[in-house]
Amino acid sequence: MSPSTSAKVVIQVVSGTDTETIERAVELGNTARKTLGLLPRAAYFDAAQRGWLLAALDEGKMIGYTVFRLPRNEVTLVHLCVAKDYRHRGVAQHLVNEVSRRHQARLGVRAKCRDDYADIQRVWRGLGFEHLGRARGRGEDQAAMTVWWLDHGHANLFTPLEEPTELAVAIDVNILMDLRTRKDHPQADRSQVLLAPDVADRIEKVVPHGLERDLDRHPAALRGRLVDAAARYRRPHGSPKRAEELYEILRATVRSAEPDRELTPQDIGDLWQLAETAAARIRVFLTWDERLRTKVAPLLAQLNQVPELTGLRVIDPDHLVIQLDELAHAVAYRPQVIAGSSFSTELANAQSEAALMAFLDRAAGETRQELKARLQALARSPRSHSIVRAGNDKPVGCYASVLDGHVLRAPLLRVQDNADADTMARYLLWMLRVTARDENVSVVRIEDPYLSPAIERAASHEGYQRIDGVWHSWVIQAAGTGAQISAAVSSAHALVDLEPAALLPPHLAPESAAQYERTWWPAKITDSDLAHFAVAIQPRWSAELLGEPPILTERSTRLALGREHVYYRGNHPSVLKAPGRVLWYLTQDSNTGPARFIGTSLLDAIEFGAPEELHAQFAHYGVFTLSDVRGAAGERGSAQALRVSYTELFRRPVLWSEYLDILKSLEGPKRIQGPVRVPPATFAAIYAAGNTTKR
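Since we're looking at a predicted model, the values are computed, not measured.

Colleague: Before we go on, may I ask you to explain the overall build of the protein chain in this structure?
Modeller: Within the protein chain, the regular secondary structure consists of 25 helices and 27 strands. By the burial criterion, 54% of the 695 residues in the protein chain qualify as buried. Summed over its atoms, the accessible surface of the protein chain is roughly 31900 Å², and 49% of this surface lies on carbon and sulfur atoms.

See the structure below:
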């Protein structure tokens, strides 16, 4: 049948097994390679497997097709092709309409096209698209291009490692008892100073693993309570071998100083706690034990060849309060390992100028005098800028964050051009948002005039918005209805003289809700249709994938600094649905403690396939070996890859016992083995418990 305006056009999704139709799309695409560009044959088959290939048929004849992708929360057209004899008959419109209809919950459809094609503006405008912006092609000619956008009518958005603000302090068993197991005892009053707002906001109480070695002298019932109490705090640890070496050094030093005194079980437990604290690189140990403070602590200063011990301060809580600023300042200048990776960050000082000059952007016209002036201005802002170093001590990044009311300004943000530049850039931009959250400010403003391409790319990907040439991020610390979140964003906009945000409707589609939450992190929209799930994960997988519990070996750069991760499970029927929100439930383990909720992620997608296929695609984003994925697949021979992003570890874990208390007033699953659905109100309660600073 010859083409005519009366011909009935049928649009269908091409199945991944429909080889004949896929091949016809390949043939048609090859006839338009001059304008569409080359799309490899394998790409058509991949698109069909994913449901990303639509065909336009006229009585079974291929007359057009579109290949698209689904990045983030939008649709991107890769090819929109119509056979020459069927053009100007509405076929392209049918294809665009069907793509739009099938993915209406996404924000819109994006297309990019060269400007030198005849009549191109009329074509795209005729299909309902609007001009969104200008771009340059990545071909050799870097042709001028236009980005086109078909909006779906949803509410619109504007189209250091973090310098530690807390001092980590290790607490001994007696202080732990004061705070957790005998709070009503008169003696416990002495430790309540650690809970005073001015102190609690500036310290992080941690319990190193030396605690377990000090428990044998306590009754069994109390031991259990102390283990549960300790699990409410971060449990940093260093190399067990190094801890043992430090213990032997301490033991020998104490015995040499007091040759006539036999070490008691309490002495041995105390020395183990000091050794584990020093091995974990914690610089302050809090105790009321007079012997430790007056007899043992002075001996540490004599161990000049053991920096972990000479740098350890053993003091009581009262002296901590007096010396807190001094201690925090001293610790801030020590290199800090970034998320368990081979990278570290250190606060810049007067001797850092030479290292920072390596970030001079001569290509963009920056002069040495300009950068020096910028660094000198930052030097007048205490504790404002830092250097990121690789494992070989080479500077690979630098950044500054300065509080200005309710705005966190970043006058310096740079990364060196290397293989990890994009990953490092995204991580630093993310940590600026984390810093803003911790400082209770709602706007991040990037003010460095010499941003590298890696920073620019990362800012766009991380949800920053460019307004009048300056990148901004909104950090909305609220969980509430769409209307409440909109009001909070509008308040943030007002801080930088911008118009109010669009009003979000109730029952926002999951795709849209997830996108808003990415952009306004850590906002949580409670009246959206985004589902919540609890997923159990074993400590051996969680440690390397999520960084909790901490591990002794270095995590890979992609896992430690990356923003996306993949977790595999068997392809068993479950309630999981993407997009959604995952609560990570760390299972009980004799080495890492009781079961607990440790954090949350956005569930972006669930991929199904054979172990070999999934591992080939996602090996760099997960910790499973191919053998592990095969093990998860079992006899079914297929597995699931859960693609997650925006992972947010809780400030403290939520123990199972705390969760059971939550269930006294709210609904929720009574056990967590396979993935289970969690009611929104119960998720909100767990999230609040995990992010409170109160114990």
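Back to the text.
Colleague: Which parts of the structure should I look at to understand the pairing of strand 26 (residues 639–655)?
Modeller: Regular strands show a simple pattern: their side chains alternate between the two faces of the sheet. Within strand 26, 14 of the 17 residues are buried, leaving the element largely enclosed by the surrounding structure. Inspection of the sheet shows strand 23 (residues 564–570) paired to strand 26 by seven bridges, in the antiparallel sense. Residue pairing in the sheet places V566 in a bridge with R643 of strand 26. In terms of strand pairing, strand 25 (residues 596–609) meets strand 26 through 11 bridges, oriented antiparallel. Among the inter-strand pairings, A605 is bridged to a residue of strand 26, identified as R643.

Colleague: Can you help me understand helix 8 (residues 220–230) in this one?
Modeller: Every α-helix carries 3.6 residues per turn, so stepping three or four residues along brings you back to the same face. Turning to helix 8, its buried residues are L222, L226, A229 and A230. Relative to the axis of helix 8, the buried residues are bounded by an arc of 95° and lie together on one face. Exposed residues pointing more than 90 degrees away from the buried face of helix 8 are listed as A220 and A221. Elements that come into contact with the buried residues of helix 8 comprise helix 6 (173–181).

Colleague: So what exactly am I meant to see when it comes to the environment of T146 here?
Modeller: Summarising the element assignment, T146 is placed in strand 7 (residues 144–151). Overall, T146 belongs to the buried group, its relative accessible area being 2%. Measuring from C-alpha to C-alpha, the distance between T146 and Q121 comes to 9.0 Å, with 25 residues separating the pair along the chain.

Colleague: Any chance you could explain the environment of L655 here in plain terms?
Modeller: Looking at where L655 falls in the secondary structure, it is placed in strand 26. For the pair L655 and A231, spaced 424 residues apart in sequence, the C-alpha to C-alpha distance is 7.7 Å. Not counting chain neighbours up to four residues away, the residues in contact with L655 comprise D228, A231, R232, P594, A595 and R596.

Colleague: Can you walk me through the packing of aromatic side chains in this structure?
Modeller: Two measures describe an aromatic ring pair: the distance that separates the ring centres and the angle between the ring planes. Scanning the entire structure with this criterion turns up 16 aromatic pairs. Grouping aromatic residues by their ring pairs yields a cluster made of W541, Y567, Y568, W584 and F624.

Colleague: Just to check I follow, could you spell out helix 1 (residues 19–31) for this structure?
Modeller: Along its 13 residues, helix 1 runs 19 Å from first to last C-alpha, staying within 8% of the 18 Å computed at 1.5 Å per residue. If you check which residues of helix 1 are buried, you get T21, I22, A25, V26, L28 and G29. Along the axis of helix 1, the buried positions cluster into a sector of 165°, meaning they face one direction only. Facing away from the buried surface of helix 1 by more than 90 degrees, the exposed residues are E20, E27 and T31. Of the surrounding secondary structure, the elements contacted by the buried residues of helix 1 are helix 2 (33–36), helix 3 (41–50), strand 2 (53–58), strand 3 (61–69) and strand 4 (75–82).

Colleague: Got a minute to help me understand unusual backbone geometry in this structure?
Modeller: With glycine set apart, most residues show a phi of negative sign, and most peptide bonds adopt trans. The omega torsion across E548 and P549 is 0°, close enough to zero to call that bond cis. With respect to the helices, strands and loops of the structure, P549 is situated in the loop between helix 20 (539–546) and helix 21 (557–561). The omega torsion of the bond from A578 to P579 falls at -5°, within 30 degrees of zero and hence cis. As for its placement among the helices and strands, P579 is situated in the loop between strand 23 and strand 24 (580–586). Phi is positive for D497, close to 60°, though the residue is something other than glycine. Looking at the secondary structure, you find D497 in the loop between helix 18 (482–495) and helix 19 (510–519). We classify D497 as exposed; its relative accessible area is 73%. The backbone of Y646 shows a phi angle near 50°, a positive value even though the residue is not glycine. Mapped onto the secondary structure, Y646 falls in strand 26.

Colleague: Hey, could you run me through the sheet that holds strand 8 (residues 167–171) in this one?
Modeller: Pairing between the strands of a sheet comes from backbone hydrogen bonds, and it takes one of two forms, parallel or antiparallel. With respect to topology, four strands assemble into an open sheet ordered 9-8-10-11, the strand pairing being parallel. Looking at strand neighbours, the two that pair on one side only are strand 9 (203–206) and strand 11 (313–315), the edges of this open sheet. Looking at each pair of strands side by side, their axes are set apart by 30° on average, direction ignored. With four bridges connecting them, strand 8 and strand 9 associate as parallel partners. Residue A168 lies in a different strand from strand 9, and its bridge partner there is E204. Where helix 11 (residues 290–300) meets the sheet, its contacts fall on strand 10 (284–286) and strand 11, and the angle it forms with strand 11 comes to roughly 170°.

Colleague: I tried to follow the packing of helix 22 (residues 611–618) against helix 23 (residues 626–633) on my own but got confused; where do I start?
Modeller: A packed helix pair is summarised by two numbers, namely the angle formed by the two axes and the spacing between the axes. The geometry of helix 22 relative to helix 23 is characterised by a closest axis approach of 9 Å and an angle of 135° between their N-to-C directions. It follows from the interaxial angle that helix 22 and helix 23 lie oblique. Seen from above, helix 22 lies across helix 23 with right-handed handedness. Of helix 23, the residues touching helix 22 (which contributes P611, E612 and H615) are L626, V629, R630 and A633. Its residues placed into classes, the contact of helix 22 with helix 23 shows four nonpolar, one polar and two charged.

Colleague: Would you explain the sheet that holds strand 26 in this entry?
Modeller: Pairing in this open sheet of six strands is mixed, and the strands run 23-26-25-24-22-27 from one edge to the other. Each edge of the sheet is formed by a strand with only one pairing partner; in this case those strands are strand 23 and strand 27 (676–677). Strand direction decides the pairing type here: strand 24 and strand 25, joined by seven bridges, are antiparallel. Its bridge partner being in strand 25, L586 is matched across the sheet by R596.

Colleague: I would appreciate a short explanation of the pattern of salt bridges in the present structure.
Modeller: Side-chain pairs of opposite charge can arise whenever the charged atoms involved come near each other. Applying the stated criterion across every chain yields a total of 34 salt bridges. Residue R190 pairs with D178 through a salt bridge whose shortest N-O separation is 3.0 Å. With R190 in the loop between helix 6 and helix 7 (197–200) and D178 in helix 6, the pair connects residues that are 12 residues apart, well separated along the chain. For D178, a relative accessible area of 0% translates into the label buried. Residue R234 is joined to E204 by a salt bridge in which the shortest nitrogen-to-oxygen separation is 2.7 Å.

Colleague: Looking at this structure, I do not really get the confidence of the model for the protein chain. What am I missing?
Modeller: One rule of thumb: low pLDDT means the predicted coordinates there are not for detailed reading. Scored by pLDDT, the protein chain comes out at a mean of 84, with 89% of its residues at no less than 70. Low pLDDT, under 50, characterises residues 156–165; the predicted model gives this stretch 39 contacts beyond four residues in sequence or across chains.

Colleague: Any chance you could explain the nonpolar core here in plain terms?
Modeller: In terms of nonpolar packing, the biggest core is built from 54 residues, with L413, L432, I446, W474 and W520 touching the most fellow members. Those elements that provide at least two residues to this core are strand 15 (395–404), strand 16 (407–415), helix 16 (421–438), strand 17 (443–446), helix 17 (453–461), strand 19 (470–474), helix 18 and helix 19. Counting residues per element, this core draws most heavily on helix 16, at 11 residues. Beyond its immediate stretch of four places on either side in the chain, L413 contacts C398, Y399, L428, L429, L432, I446, D448, L451 and I455.

Colleague: Would you take a moment to explain the side chain of E276 for this structure?
Modeller: If you trace the backbone, E276 turns up in helix 10 (residues 265–279). Judged by relative accessible area, which is 8%, E276 ranks as buried. Non-local contacts of E276, meaning those with residues more than four positions away in its chain, are made with P208, H209, G210, R213 and A243.

Thresholds, definitions, all that
- Residues numbered from 1 in each chain as written.
- Predicted model: local features only at pLDDT ≥ 70, side-chain atom pairs only at ≥ 80, totals over all residues.
- Heavy atoms only, no water.
- Helix = DSSP H or I, 4+ residues; strand = E, 2+ residues; numbered from the N terminus.
- Buried < 20%, exposed > 50% of the residue type's maximum accessible area, 1.4 Å probe, protein only.
- Areas by Shrake-Rupley, 256 points an atom, 1.4 Å probe, with all protein chains shown as cover.
- Pairing = 2+ DSSP bridges.
- Arc of directions from axis to C-beta.
- Contact = heavy atoms within 4.5 Å.
- Phe/Tyr/Trp six-rings, centres within 6.5 Å; stacked < 30°, edge-to-face > 60°.
- Expected span 1.5 Å × (residues − 1).
- Axes fitted to C-alpha atoms, helices over the stretch in contact; angles between N-to-C directions.
- Parallel < 35°, antiparallel > 145°, perpendicular 65-115°, else oblique.
- Left-handed = near helix turned anticlockwise from the far one by under 90°.
- Nonpolar A, V, L, I, M, F, W, Y, C, P; charged D, E, K, R; others polar.
- Salt bridge = Lys/Arg side-chain N within 4 Å of Asp/Glu carboxyl O.
- pLDDT = per-residue confidence, 0-100.
- Core = buried A, V, L, I, M, F, W, Y, C linked by side-chain atoms within 4.5 Å.

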